[in-house]
Amino acid sequence: MSSVNVDARYLLCPLPVIRTQDQAAGLRPGDCMRVLCTDPGVLHDIPCWCRIHGHTVADISRQGDEIAITIRVGDGGAIPAGSVDVSDV
Amino acid sequence: MSKQYKAVALISGGLDSLLAARQVMEQGIHVEGINFYTGFCVEGHTHAIRKQHRARPRRNNALWVAEQLGIRLHIIDIIEEYKQVVINPRHGYGANLNPCLDCKVFMVRKALDWMNAQGFDFIVSGEVIGQRPKSQRRVNMPVVARESGAHDRLVRPLCAKILPPTLPEREGWLERDKLLAFNGRSRKPQMALADQYGFEDYAQPAGGCCFLTDRQYSRKLSDLWQTRGERDYDLDDIMLLKVGRHLRPRPGFKLIVGREESENRYLEGYRRRFVHMIPVSHQGPLVLLDGEAGADDLELAARIAARFSKGRDAAEVTMEVTGKDGTVRKLMVAPLSSAQIPQEWYL
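Below or above, wherever it landed, is the structure these notes cover. (Residues numbered from 1 in each chain as written. Chains lettered and ligands numbered in written order. Predicted model: local features only at pLDDT ≥ 70, side-chain atom pairs only at ≥ 80, totals over all residues.)

**Here we look at the overall build of chain A**
Rules: Only DSSP runs of H or I covering at least 4 residues are called helices, and only runs of E covering at least 2 are called strands; the numbering of each starts at the N terminus. Field definition: a residue is buried when 20 or more other C-beta atoms are found within 10 Å of its C-beta, exposed when 12 or fewer are, and partly exposed for counts in between, with C-beta atoms placed from the backbone. By the convention adopted here, residues make contact when the C-beta atoms placed from their backbones lie within 7 Å.
Looking only at helices and strands, one finds two helices and four strands in chain A. Buried residues in chain A amount to 38% of all 89 residues. Of all intrachain contacts in chain A linking residues separated by at least 6 positions in sequence, the fraction that spans at least 24 positions is 65%.

**Side note on the pairing of strand 11 (residues 328-333) of chain B**
Our working rule: At least two bridges found by DSSP between two strands are what make those strands a pair.
The pairing of strand 10 (residues 317-322) of chain B with strand 11 of chain B spans six bridges and is antiparallel. In the strand pairing of strand 11 of chain B, B:Thr322 is matched with B:Val328.

**Examining the interface of chain B and chain A**
Selection criterion: For this classification, the nonpolar set comprises Ala, Val, Leu, Ile, Met, Phe, Trp, Tyr, Cys and Pro, the charged set comprises Asp, Glu, Lys and Arg, and every other residue, Gly included, is treated as polar.
Facing the 18 residues of chain B at the interface are 19 residues of chain A. At the level of elements, helix 2 (46-49), helix 3 (61-69) and strand 3 (73-77) of chain B are the ones that each hand at least two residues to the side of chain B that touches chain A. Looking at the side of chain B that touches chain A element by element, the count peaks at four residues for helix 3 of chain B. Taken together, the residues of the side of chain B that touches chain A break down into seven nonpolar, six polar and five charged.

**Regarding helix 1 (residues 15-24) of chain A**
By the criterion of burial, helix 1 of chain A is predominantly enclosed, with seven of the 10 residues buried. A:Leu15, A:Pro16, A:Val17, A:Ile18, A:Thr20, A:Gln21 and A:Ala24 are the residues of helix 1 of chain A that are buried. Each element contacted by the buried residues of helix 1 of chain A is listed here: strand 1 (3-8), strand 2 (32-37) and helix 2 (42-53) of chain A together with strand 2 (30-37) and strand 3 of chain B.

Here it is as structure tokens:
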């Protein structure tokens, strides 16, 4: 299992999603990505992207303007919508 | 066992592409979506910058569409390649700097490349004859198919019945009778079909998805090209054209004035690259100065900037001016009145 960081700070959506998608293409199921962002739009877009590609949002945290989203790469099967509640982040 | 045919659907995030993909999925085709990011897309970042857009759902509509359909979506960054479409469109512009027909050809060509690389069989597009004034005229439908290289592997399910049969229809991968015959500018058939499928809360249709269709944005882009003496841009250029008031009081420089707190925060990210100023005696916006300004120009810029501060009616406003090298100085200026700022300064 490997873990990689994606720096998508100061990029506006959908660029953080594109950077995450491109990084995920080189990873295997079970690998993790930690995506750092500043556009609050990612709180919706990255979990949505994960759901349709079968990845799991393992954690979302926020410190000041920075948002960190940890994603566990899936095996390609879709997972149910709304598996992570981001309403309080 | 019969072959599972696969189609890549151009997903803009609007209703037409949603319905077109759904039509093909209903016939048992495996569909994946593709969405191109040009840098001029209205959604995505606009809501992140301006308060006035916050009533809109905070979402990327293409991702939302993909989730409604239960398909994968591949978002492709085409910012660099797309420049040639904007700068030198073979078929010219629409009402503003929108190169809609070239754009469609380019996107279908990119989808074709993806289709071939991934071993898919055909391309699905949500075009409707007559829906848009340039790119979706009947006469231009074959132009897109031909110039993109997709030819008869490009299927427009919403108006397929009034177009010549495509390869998937002729080969029986798709039943032509089950495809549609939408035509013209009315959105009612699409809205009725959306109701039938139970799609709600879809993005409001047609025309508002690209900044290049906006007159004011196009004017700012023209000004940028004219000032630089060349038709070129990078991502930061086209992002900054979306933010703030832009005023060009003299040929050598323009001002970008934040209109609200969220725009000021966005402009903050750029301040080290520009001479910038902010009022310190009163509340007011961050102002970036793009270009070269002499001492007289700087004072004029400060007086304009002061006009947009809370000190607009004061006799004097103190502006803190920071150079690109980080040096800071203060200028005490009399704010210009509204009448002293000619309308033609506004881009």
